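Here are the chains, one letter per residue:
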Amino acid sequence: MSARLGVNVDHVATLRQARKLNYPDPVTAAAMAELAGAAQVTIHLREDRRHIQERDLKVLRETCQTLLNLEMAATQEMVKMAYEHKPDVVTLVPERREELTTEGGLDVNGQKDALSRVVKNLKDGDITVSMFVDPDIDQIKASHRISADRVELHTGRYCEARTEKDRSREYSRLIDAAKASTKLGMGCAAGHGLNYENVRPVARIAEIDELNIGHAIVARAVFVGFDRAVREMVELLRNP
Ligand code: PXP
């Protein structure tokens, strides 16, 4: 079984927010992604609202035909938001205002009590909970201990590796972490920094059932169109 593609449409919203107009609409992009074979729509509603807005979450909840995955910080404000809009999946991510994008995974071990409360709250609301973590066995075990349903492995270090040796080490970490998470009964996704050149080896890891990809798809869409950009990625996942 190939991994399903979750298309992250944040950067369609980035383009819209650059002018604060009502286009291009990430909701339209999400519908096009689904028509092109995406199995999930992913959005990150950040505290500073730099791209996705609450309106996008609200409309996507009404229009999304596949699964809606909301990436969010583990705060009370965001838990309230999740209860209000009921995404299918919440992926808990670390968030710092000054970062360009999500840098590094959650320290589940270091914030066990707070994260455990948030996971319980969300699960009580029938929301599947995934933890965005580095491919680190301790973080996987900690996610399991606080009853997370899934983990999403941060692929940033694998994607940024400059030498074959570094890439191969990071790739092994992804494989080990994916195996550990499924052994513990958790589903396993991966994402961050994946593109048309580096995605294949990750898509070959049998334990990884989902890849969330945004920037590379939106960037390619500028030149080839959104439909084709998504289809090309779906094809890579089907034939890795
Ligand atoms: N998964 C998570 C948890 C993320 O935070 C992001 C970035 O928002 C992505 C996947 C997608 O990363 P990229 O835009 O680099 O494909």
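Here, the structure is the one placed above.
One numbering rule holds for all chains: residues counted from 1, following each sequence as written. With the structure being a predicted model, the display of local features is reserved for residues of pLDDT at least 70 and the display and counting of side-chain atom pairs for 80 or more, all residues being used for whole-chain, interface and lining totals. Side-chain numbers here rest on the full set of heavy atoms in the structure, without hydrogens or water.

(A) Main features of the nonpolar core. Grouped together as the largest cluster of nonpolar side chains are 73 residues, with contacts concentrated most on L92, M131, L153, L211 and F226. Secondary structure follows DSSP: runs of H or I at least 4 residues long count as helices, runs of E at least 2 residues long count as strands, and numbering of each begins at the N terminus. Residue contributions to this core peak at seven residues, all from helix α11 (residues 226-238). Leaving out residues up to four positions away in the same chain, L211 has contacts with A3, R4, L5, G6, A190, L194, V199, V202, A203 and L237. As used here, the term nonpolar core means buried Ala, Val, Leu, Ile, Met, Phe, Trp, Tyr and Cys residues forming a set that is joined through side-chain atoms within 4.5 Å. Exposure classes here rest on a 1.4 Å probe applied to the protein chains alone. A residue is buried below 20% of its type maximum, exposed above 50%, and partly exposed in between. Note on contacts: a residue pair qualifies if any of its non-hydrogen atoms lie within 4.5 Å across the two residues.

(B) The arrangement of the sheet that holds strand β6 (residues 150-154) in detail. Two strands pair under a simple rule: DSSP has to find at least two bridges between them. One closed barrel holds the eight strands; their spatial order is β1-β2-β3-β4-β5-β6-β7-β8, and the pairing between them is parallel. Averaged over all neighbouring strand pairs, the angle between strand axes comes to 25°, with direction disregarded. Inspection of the sheet shows strand β1 (residues 4-8) paired to strand β8 (residues 210-213) by four bridges, in the parallel sense. If you follow R4 over to β8, its bridge partner there is E210. For every element, the axis is a line fit to its C-alpha atoms; helices are fit only across the contacting stretch, and the angle between N-to-C directions ranges from 0 to 180 degrees.

(C) Local environment of helix α10 (residues 215-224). All of the buried residues in α10 are A216, I217, V218 and A221. Buried residues along α10 sit in contact with β1, α1 (10-19), β8 and α11. One or two residues past the end of α10 sits G225, with phi positive at roughly 95°.

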